[in-house]
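Here's the letter readout for the chains.
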2 protein chains.
Amino acid sequence: MTKRIEIVENILGANEQLAEENRSRLDQAGLYGLNFMASPGAGKTSLIEKTVPALKEKFRVAAVDGDVATTIDADRAAAVGANAVQINTGGECHLDAVMLKQALNQLTLDENDLLIVENVGNLICPANFKLGTHKNVLIASIPEGDDKPYKYPGIYRGVDILVINKIDLLPYIPFRMEYFTKGVEILNPGLMTFSLSCQTGEGLDEWLSWLESEILTFKETHSSPQ
Amino acid sequence: MTKRIEIVENILGANEQLAEENRSRLDQAGLYGLNFMASPGAGKTSLIEKTVPALKEKFRVAAVDGDVATTIDADRAAAVGANAVQINTGGECHLDAVMLKQALNQLTLDENDLLIVENVGNLICPANFKLGTHKNVLIASIPEGDDKPYKYPGIYRGVDILVINKIDLLPYIPFRMEYFTKGVEILNPGLMTFSLSCQTGEGLDEWLSWLESEILTFKETHSSPQ
């Protein structure tokens, strides 16, 4: 068992070092980076589709989409105006810092203001691999059920922002918001949370306002090299 | 890279051997085993909650519930009358044959007729680890979206049965059934599929009839040692 633990520690250590290098590149380019994590189908790509056009008068957005197969997500991000790169992981169930590094090499970093990395749809492994982005965003969705914080504590514990998507479905699904929120609060007290629906647009304004102010604050402290 | 491939092959080879041992134990006990796989929140536990009471006049059901943390699922399975065992994987994103072996040791196998193994909520890694059950069942759900067969081909390719859950939400969600079905058909031609709603009960009868006949057919060819 010790051998196995050592190998895992080495992998995570190497990943962390590469994540720091990615972070430095983003900082130098004045590019603010978010890591979107979620279950399959919770709405990562939908939130990108709503975010990119809403910000496009002010900010250029790059999207890096991770998936086991297909370019469906990058195509959707590109269709709404993002500079999109698809990473196909083969069989891997998460992105890591090496994969993001390779994707960053395909982008002109200082021509973008916001980078959204869309991780592989999975509530477990992505939480263990830092990418070098500035904030980790977890997208939960109402149909997944109210017990998810309790069942996937690792990812709820490790994120900076929580987006609760598909609130338009609340009337049709038994979802105890108080039970859900209690679980989140135990794992990640005071976690900044946005409730919204990418389908109806409800709640998107708060998310977009917050994001705009985040990018502006970041730009004040990290000037682009040009 | 060769080294890594060798290690992965060894792990999968060892798992396969243990899966065969699990299968032999089930066969000898006359216990028919299903492996439920799905995204988080697609309805694995809900389908167990509907299945166990419906069958209880005829069959005794054992449930083995895999999760990263908590005993929520095993508690729910036990509450409806299953002989339930929870496996907490720690941080692992899938069940493997060793974990199932340990769970089987906690059950009196020949006192049960149906075993439902509820895998960890994940559309990627569970597909790579055989457990020794007789059939693999994938539970998809309408809110996950119609592109999932294309994005998670491995799991769609490797299952024997597909259950499409939450069909009661079809009026509220843009889900192109034809696009979904086309993806499934490419990956797994002729896959036996049940469309149902654990919430309203619609379509459950077809699932239950099929399952009853599966268990009876199995029992005819595998008699219990007693």
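Definitions and limits used
- All residue numbers here refer to positions counted from 1 along the written sequence of the relevant chain.
- Chain labels run from A onward and ligand labels from 1 onward, assigned in the order the entries are written.
- At least 70 in pLDDT is required for a residue's local features to be given in this predicted model, at least 80 for side-chain atom pairs to be given and counted, and no such filter applies to totals for whole chains, interfaces and linings, which use all residues.
- Water and hydrogen atoms play no part in the side-chain values, which are based on all heavy atoms of the structure.
- Working convention: axes come from line fits to C-alpha atoms, limited for helices to the stretch in contact. Angles between N-to-C directions cover 0 to 180 degrees.
- Helix numbering and strand numbering both begin at the N terminus, where a helix is a DSSP run of H or I of at least 4 residues and a strand a DSSP run of E of at least 2.
- Angle categories: roughly parallel below 35 degrees, roughly antiparallel above 145, roughly perpendicular from 65 to 115, and oblique for all the rest.
- Handedness of a crossing follows from how the near helix is turned relative to the far one, being left-handed for an anticlockwise turn of less than a right angle and right-handed for a clockwise one.
- Throughout, a contact is declared for two residues whenever any of their heavy atoms are within 4.5 Å.
- For this scheme, ten residues count as nonpolar: Ala, Val, Leu, Ile, Met, Phe, Trp, Tyr, Cys and Pro. Four count as charged, namely Asp, Glu, Lys and Arg, and the remainder, Gly too, count as polar.
- Here, strands pair whenever DSSP counts at least two bridges between them.
- Take the accessible area each of two parts loses on contact, using a 1.4 Å probe, and add the two losses: that sum is the buried area.
- Any carboxyl oxygen of Asp or Glu within 4 Å of a side-chain nitrogen of Lys or Arg constitutes a salt bridge here.
- The pocket and cavity definitions rest on a 1 Å grid over protein atoms only: a 1.4 Å probe that fits but cannot leave marks a cavity, an open set with protein on both sides within 12 Å along at least five of seven lines marks a pocket, and residues lining either have an atom within 4 Å of a point.
- Grid points are joined across faces, edges and corners, and a volume is the space filled by probe spheres set on the points.
- In this scheme, a residue with accessible area under 20% of its type's maximum is buried, one over 50% is exposed, and one in between is partly exposed, where area comes from a 1.4 Å probe on protein chains only.

1. What to know about the packing of helix 2 (residues 44-55) of chain B against helix 8 (residues 204-221) of chain B
Residues and elements named next belong to chain B. At a closest axis distance of 11 Å, the pairing of helix 2 and helix 8 adopts a crossing angle of 60°. Considering the angle they form, helix 2 stands oblique to helix 8. When you trace helix 2 past helix 8, the crossing you get is right-handed. Within the contact between the two elements, helix 2 uses Leu 47, Lys 50, Thr 51, Ala 54 and Leu 55 and helix 8 uses Leu 204, Trp 207, Leu 208, Leu 211, Glu 212 and Ile 215. Its residues placed into classes, the contact of helix 2 with helix 8 shows eight nonpolar, one polar and two charged.

2. Let's talk about the sheet that holds strand 6 (residues 161-165) of chain B
All names here are of chain B. Pairing is parallel across the open sheet formed by seven strands, whose spatial order is 3-2-4-1-5-6-7. Only two strands of the sheet have a single partner each, and these edge strands are strand 3 (83-88) and strand 7 (192-195). If you compare each strand with its neighbour and ignore which way they point, the axes differ by 20° on average. Bridge count for strand 2 (residues 61-67) against strand 3 is six bridges, and the pairing is parallel. Across the sheet, the residue bridging to Gly 66 is Ile 87, located in strand 3. Across the sheet, helix 2 is in contact with strand 1 (32-38), strand 2, strand 4 (114-118), strand 5 (135-141) and strand 6; its angle to strand 4 comes to roughly 170°. Strands in contact with helix 3 (residues 72-79) are strand 2, strand 3 and strand 4; relative to strand 3, the strand with the most contacts, it is inclined by about 175°.

3. Overview of the interface of chain A and chain B
Residue-level contacts link 36 residues of chain A with 36 residues of chain B. For the pair chain A and chain B, the summed buried surface comes to about 2600 Å²; carbon and sulfur atoms form 59% of the total. The interface formed by chain A and chain B holds four salt bridges in total. We note a salt bridge from Lys151(A) to Asp67(B), for which the minimum N-O separation is 3.6 Å.

4. Regarding empty space enclosed by the protein
As enumerated under the stated definition, the model contains one cavity of 30 Å³ or more in all. Its volume calculated, the largest cavity comes out at about 80 Å³. Contributing to the lining of the largest cavity are 15 residues, with Pro40(A), Ser141(A), Glu144(A), Ser141(B) and Glu144(B) lying nearest its centre.

5. Here's the deal with the environment of Ala77(B)
All names here are of chain B. Of note, Ala 77 is situated in helix 3. Taking the relative accessible area as the measure of exposure, Ala 77 reaches 0% and is therefore buried. Residues Ala 77 and Ser 46, spaced 31 residues apart in sequence, show a C-alpha to C-alpha distance of 8.9 Å. If we ignore the near neighbours within four places in the chain, the residues touching Ala 77 are Ile 48, Ala 63, Asp 65, Ala 82 and Ala 84.

6. Quick notes on unusual backbone geometry
Residue and element names in this part refer to chain A. Even without glycine at this site, Lys 166 takes up a positive phi of about 65°. In this structure, Lys 166 sits in the loop between strand 6 (161-165) and helix 7 (177-187). Exposure remark for Lys 166: the relative accessible area of 13% places this residue in the buried category.

7. Looking at the sheet that holds strand 5 (residues 135-141) of chain A
Residues and elements named next belong to chain A. Read from one edge of the open sheet, seven strands run 3-2-4-1-5-6-7, paired in parallel fashion. One side of each edge strand has no neighbouring strand; the edge strands of this open sheet are strand 3 (83-88) and strand 7 (192-195). Shown here is a sheet whose adjacent strand axes are inclined to one another by a mean of 20°, direction ignored. Across five bridges, the pairing between strand 2 (residues 61-67) and strand 4 (residues 114-118) is parallel. Note that in strand 4 the partner of Val 64 across the bridge is Val 117. Against the sheet, helix 3 (residues 72-79) contacts strand 2, strand 3 and strand 4, and its axis sits at roughly 175° relative to strand 3.

8. A closer look at helix 3 of chain A
When helix 3 of chain A is considered as a whole, its buried residues turn out to be Ile72(A), Asp73(A), Ala74(A) and Ala77(A). Each element contacted by the buried residues of helix 3 of chain A is listed here: helix 2 (44-55), strand 2, strand 3 and strand 4 of chain A together with helix 5 (148-151) and helix 7 (177-187) of chain B. Immediately downstream of helix 3 of chain A, the backbone of Gly81(A) shows phi near 105°, a positive value.

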